[in-house]
Amino acid sequence: MEELLKIEKLSVGIHSPMGKVQAVRDVSFALHPGELLAIVGESGCGKSMLCKTIMKLLPKSAKIEGGRIIANGVDITDYSDKDMRKLRGKLFSMIFQDPMTALNPTVPIGKQIAEAILIHEPKLPKEEVYHRVIGLMELVGIPQPHQRYKLYPYNFSGGMRQRSIMAIALAAKPKILIADEPTTALDVTIQAQILDLLKEIRTKLGTATILVSHDLGVVARCADRVAIMYAGKIVEIGTAEEVYYDPRHPYTWGLMQSLPALNRGAKELKTIPGMPPTLIDPTVGDAFACRNEYALEIDYHEQPPMFKITDTHYAATWLLDPRAPKVVPPIGGRGHV
Amino acid sequence: MSEILLDVQHLTHVFRLDKHAVIKAVDDVSFQMKKGEILGLVGESGSGKSTVARCIMNVYKPTGGKILYRDIDIGDKAQLRKHRKMLESLRQIIFQDSTSSLNQRMTVADIIAEPMSIHRMRPARGSLRAEAEFQLSYVGMDASYLDKYPTELSGGQRQRVAIARALSMEPELLVADEPIASLDVSIQAQIINLLRHCNREHGCSILFIAHDLSMVEYLCDRVGVMYRGRLVEIAPTAELYANPRHPYTKALLSAIPIPDPIAERSRKRIDFDEVSFDRDGVLTRIAADHFVLMQEEV
Ligand SMILES: Nc1ncnc2c1ncn2[C@@H]1O[C@H](COP(=O)(O)OP(=O)(O)OP(=O)(O)O)[C@@H](O)[C@H]1O
Ligand SMILES: Nc1ncnc2c1ncn2[C@@H]1O[C@H](COP(=O)(O)OP(=O)(O)OP(=O)(O)O)[C@@H](O)[C@H]1O
Ligand SMILES: [Mg+2]
Ligand SMILES: [Mg+2]
């Protein structure tokens, strides 16, 4: 099947007084219609920057330094903000991580959803717009939509704000939806409903979705494929089954071992020792090496390439090199969590 | 250990939206926290958890009910005025929305040191900056972040700055409103270990509000469940998870996602029928320390 979105060797740098932050480094992946790719990774590793790069919503200090973004067959890497404005909403839509800044605090929620509809259908009659807004609010599960239409974001709970953002993002039925932690603010029952809603939208509209999430339960529920990111790079990518049952990268092992489900009764949760790199100095060797208990000599001076495990499963660790010593993964297999 | 630190009695908070509409965000909620306890507060989005937290912190003035902190009635103007300074340093909150709660014009170092400098605390590590650096390292960030502004940080980094700021005061009561939702699981584990450390070593009591029910199970001594402004169940953690009694609690616990794709995709959820919700019940004791909202027996 033709891919809807293709990212090739994408790198992004942000200029800051302390030096250049290498927020995204050499990232490649493809996304097919109706598919959901989850991106999981360390806090600050560049997930939001990657999403904003695809949407072309980077801060002024950030720049694409290499690679290409191909959406719907068109190379949009050099598109200006004006070119992009036509694509946002209809081709792409993004749900941001921070619900309070994503909404305009001075405009009622209903009106903000209406605006999202009007951008793409400016001639729609007033009553029809109102009708659609109520429909969208119901779709995302905001109770009493008629009463809540006129309320401001600060009148809403964290969860309800997130649902409003969802309604805005879905207003123009986008082909590609980028959802940056869309359910972290929601209780698990509503979270499950929103995830099922994401699934429904995928099958109904063929929307391809990139879902950024820290919640490995959420990702297990709805991801077809999973990418694990560390220090600006994708270090492992595969189908959900491959990554959960047969993880190959030591960082992936570390993440899974931190889950409370694997630490029941333990006095402390298992963590990954050390601190993540600041992304300012270009790293020699593997960025994870100094925190990696399985690091090999070579990790300290040469970055590992992506090793192929299956047609769908890849990981960037020297442990997969045929010359590397055999290591038994500390976790893996069905039902380890 | 059984000294009562916080006593919330019939707390009610109503938001007036316009002339006709009000939202009863918190409706007759009562619970107590013992000194040194970690109490979890979970429940529906919009059920009033943050509002309870804000009432406890004197951010909102309750519409009804009473909150006693170490026997000080914090809703009473005279008592509040008398103890304000002390209350402000003993109670700390990590707000749910850390981004908007951090001052965008201040650097990370200043944000973390601000409460210490307001309360004229003598920094144990020499200078306020050294103190800020120390607190920051505790949440897994190094000194290179000290001079950054909140907009230059990722979501999870901002959250950790908010945590470092609250913990720098070594509070007696920490209200942590969704402190870890925006962090990766390894840093989540690190913060949870840190909260446990503060609790075990410094006797800090924690009101831990979260949607991540497996983390709540791991961390908390007792858990309260809220739905539509009401506290529907409260019990010791193991008891609540093994033996949930209120239909909403059952639905909520059945929705905990499992980090296993095949198991998770086929998981059956118990639905909760909102129409059946009886908000006029009374919190009734059904076992030692286990209370459920129920119809009063006649
Ligand atoms: N405007 C900026 N100037 C300088 N550095 C920045 C700026 N914005 C972000 N960064 C840095 O870029 C890196 C990537 O940030 P990003 O927001 O993409 O992280 P993330 O993976 O989304 O993290 P989280 O899970 O915490 O949301 C971080 O280390 C952050 O400190
Ligand atoms: N300032 C406000 N003005 C009007 N209504 C408000 C205000 N703050 C909260 N509410 C309403 O009060 C109710 C409870 O909100 P609260 O934020 O306490 O819920 P919560 O349990 O913390 O939810 P979440 O899990 O989504 O954070 C919600 O219906 C919300 O819309
Ligand atoms: Mg982010
Ligand atoms: Mg809240």
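## A closer look at the interface of chain A and chain B
Part 1: If you look at the interface, chain A gives 60 residues, while chain B gives 58 residues.
Part 2: Note on chain A versus chain B: buried area summed over both sides is about 4700 Å², and carbon and sulfur give 58% of it.
Part 3: Looking only at chain A, the three residues that lose the most surface to chain B are A:Val188, A:Arg221 and A:Leu269, adding up to 13% of its buried area.
Part 4: Our enumeration of links across chain A and chain B arrives at three salt bridges.

## Focus on the sheet that holds strand S1 (residues 5-16) of chain A
All names here are of chain A.
Part 1: Ordered in space as S2-S1-S4-S5, the four strands form an open sheet in which the pairing is antiparallel. Unpaired on one side and paired on the other, strand S2 (19-31) and strand S5 (74-75) mark the two borders of the sheet.
Part 2: Here S1 pairs with S2 via nine bridges, running antiparallel. In the strand pairing of S2, Lys-6 is matched with Ala-30.

## Quick notes on the coordination of the magnesium ion (ligand 4)
Residue and element names in this part refer to chain B.
Part 1: Only Ser-50 (OG) and Gln-96 (OE1) from the protein coordinate the magnesium ion (ligand 4), and they sit 2.0 to 2.1 Å from it. Of this pair, Ser-50 sits in helix H1 (residues 49-56) while Gln-96 sits in the loop between strand S6 (91-94) and helix H3 (98-101), and the two are 46 residues apart along the sequence.
Part 2: Given a relative accessible area of 26%, Gln-96 falls into the partly exposed group.

## A word on the packing of aromatic side chains
For any pair of aromatic rings, the description consists of the separation of the ring centres together with the inter-plane angle of the planes.
Part 1: Within this structure, the stated rule accounts for 14 aromatic pairs over all chains.
Part 2: Considering the side-chain rings of A:Tyr130 and A:Tyr149, the 4.9 Å spacing of their centres and the 45° angle between planes classify their relative orientation as tilted. Note that A:Tyr130 is positioned in helix H5 (residues 126-139) and A:Tyr149 in the loop between helix H6 (145-148) and helix H7 (158-170), a separation of 19 residues in sequence.
Part 3: Seen from their ring centres, B:Phe272 and B:Phe277 are 6.4 Å apart, and the 70° between their planes marks the pair as edge-to-face.

## Observations regarding empty space enclosed by the protein
Take a probe with the size of a water molecule and roll it over the atoms, and the empty space left behind shows itself.
Residue and element names in this part refer to chain A.
Part 1: Taken as a whole, this structure holds one cavity of 30 Å³ or more when the rule is applied.
Part 2: There is about 80 Å³ of room inside the largest cavity.
Part 3: If you tally residues by element for the lining of the largest cavity, the top one is strand S10 (residues 233-239), at three residues.
Part 4: Counted by class, the lining of the largest cavity contains six nonpolar, three polar and three charged residues.

## Re the pairing of strand S2 (residues 22-34) of chain B
All names here are of chain B.
Part 1: Sheet topology note: the strand S1 (residues 4-16)/S2 ladder contains nine bridges and is antiparallel. When the bridges of S2 are listed, Phe-15 appears paired with Ile-23.
Part 2: The loop that links S1 with its antiparallel partner S2 comprises five residues.

## As for the sheet that holds S2(B)
Residues and elements named next belong to chain B.
Part 1: Pairing in this open sheet of four strands is antiparallel, and the strands run S2-S1-S4-S5 from one edge to the other. Both outer strands of the open sheet, S2 and strand S5 (72-73), are each paired with one neighbouring strand and no more.
Part 2: Pairing between strand S4 (residues 64-69) and S5: two bridges, direction antiparallel. For Leu-68, the partnering residue across the bridge sits in S5 and is Asp-73.
Part 3: Sheet contacts for H1: S1, S2 and S4; angle to S1, the most-contacted strand, approximately 120°.

## Description of the domain arrangement of chain A
Residue and element names in this part refer to chain A.
Part 1: According to the domain assignment, chain A contains domain 1 (5-223) and domain 2 (230-336).
Part 2: Here domain 1 and domain 2 have C-alpha centroids that lie 28 Å from each other.
Part 3: Counting residues at the interface gives 21 residues for domain 1 and 18 residues for domain 2.
Part 4: Summing the contributions of domain 1 and of domain 2, the shared interface buries around 1600 Å²; its carbon and sulfur component is 60%.
Part 5: Looking only at domain 1, the three residues that lose the most surface to domain 2 are Arg-25, Glu-42 and Leu-216, adding up to 44% of its buried area.
Part 6: Applying the counting criterion to the domain 1 and domain 2 interface returns zero salt bridges.
Part 7: Taken together, the connections running from domain 1 to domain 2 amount to eight residue pairs in polar contact (both at pLDDT 80 or more).
Part 8: When residues of the side of domain 1 that touches domain 2 are traced back to their parent elements, those giving at least two are S2, strand S3 (36-41) and helix H9 (216-222).
Part 9: No other element matches S2, which puts ten residues into the side of domain 1 that touches domain 2.
Part 10: Its residues assigned to classes, the side of domain 1 that touches domain 2 comprises 13 nonpolar, five polar and three charged.

## Thoughts on the site of ligand 1
Part 1: Taken together, the neighbourhood of ligand 1 is formed by 22 residues, with A:Ser43, A:Gly44, A:Lys47, A:Ser48 and B:Gly156 sitting nearest.
Part 2: At the site occupied by ligand 1, nearby residues are drawn from chains A and B.
Part 3: In the model, an oxygen atom of ligand 1 is placed 3.2 Å from a nitrogen or oxygen of the A:Cys45 main chain.
Part 4: A molecule is said to occupy a pocket when more than half its atoms come within 2 Å of that pocket's grid points, and by this definition ligand 1 occupies the second largest pocket.
Part 5: The set of elements that each furnish at least two residues to the shell around ligand 1 consists of helix H1 (47-55) of chain A together with helix H6 (155-167) of chain B.
Part 6: Residues belonging to the shell around ligand 1 are distributed by class as follows: six nonpolar, eleven polar and five charged.

## Description of the confidence of the model for chain B
Part 1: A residue-level look at chain B finds 98% of positions with pLDDT of 70 or above and a mean pLDDT of 91.
Part 2: For this predicted complex, the interface score ipTM comes out at 0.85, while the overall pTM is 0.89.

## Regarding the nonpolar core
Part 1: If you look at the biggest cluster of nonpolar residues, it comprises 108 residues, and the most contacted ones within it are A:Leu5, A:Phe29, A:Leu50, A:Ile54, A:Phe92 and A:Val226.
Part 2: Each of domain 1 (5-223) and domain 2 (230-336) of chain A contributes no fewer than three residues to this core.
Part 3: A:Leu5 has contacts with A:Phe29, A:Ala30, A:Leu31, A:Ile54, A:Ile69, A:Ile70, A:Ala71, A:Phe92, A:Ile176 and A:Ile210, leaving out every residue within four places of it along the chain.
Part 4: Counting 61 residues, the second largest nonpolar core, distinct from the first, contains B:Ile111, B:Ile112, B:Ile163 and B:Ile206.

Reading guide: rules and limits
Residues numbered from 1 in each chain as written. Chains lettered and ligands numbered in written order. Predicted model: local features only at pLDDT ≥ 70, side-chain atom pairs only at ≥ 80, totals over all residues. Heavy atoms only, no water. Contact = heavy atoms within 4.5 Å. Buried area = accessible area lost by both parts, 1.4 Å probe. Salt bridge = Lys/Arg side-chain N within 4 Å of Asp/Glu carboxyl O. Pairing = 2+ DSSP bridges. Helix = DSSP H or I, 4+ residues; strand = E, 2+ residues; numbered from the N terminus. Donors = N, O, S within 2.8 Å, 3.2 Å for Na, K, Ca; no water. Buried < 20%, exposed > 50% of the residue type's maximum accessible area, 1.4 Å probe, protein only. Phe/Tyr/Trp six-rings, centres within 6.5 Å; stacked < 30°, edge-to-face > 60°. 1 Å grid on protein atoms, 1.4 Å probe; cavity = no way out; pocket = protein on both sides within 12 Å on 5 of 7 lines; lining within 4 Å. Points joined across faces, edges and corners; volume = space filled by probe spheres on them. Nonpolar A, V, L, I, M, F, W, Y, C, P; charged D, E, K, R; others polar. Axes fitted to C-alpha atoms, helices over the stretch in contact; angles between N-to-C directions. Domains from an automatic or database assignment. Polar contact = N/O pair within 3.5 Å; in protein donor to acceptor, adjacent residues only side chain to side chain. Near = heavy atom within 4 Å. Sits in = over half its atoms within 2 Å of the grid points. pLDDT = per-residue confidence, 0-100. Core = buried A, V, L, I, M, F, W, Y, C linked by side-chain atoms within 4.5 Å.

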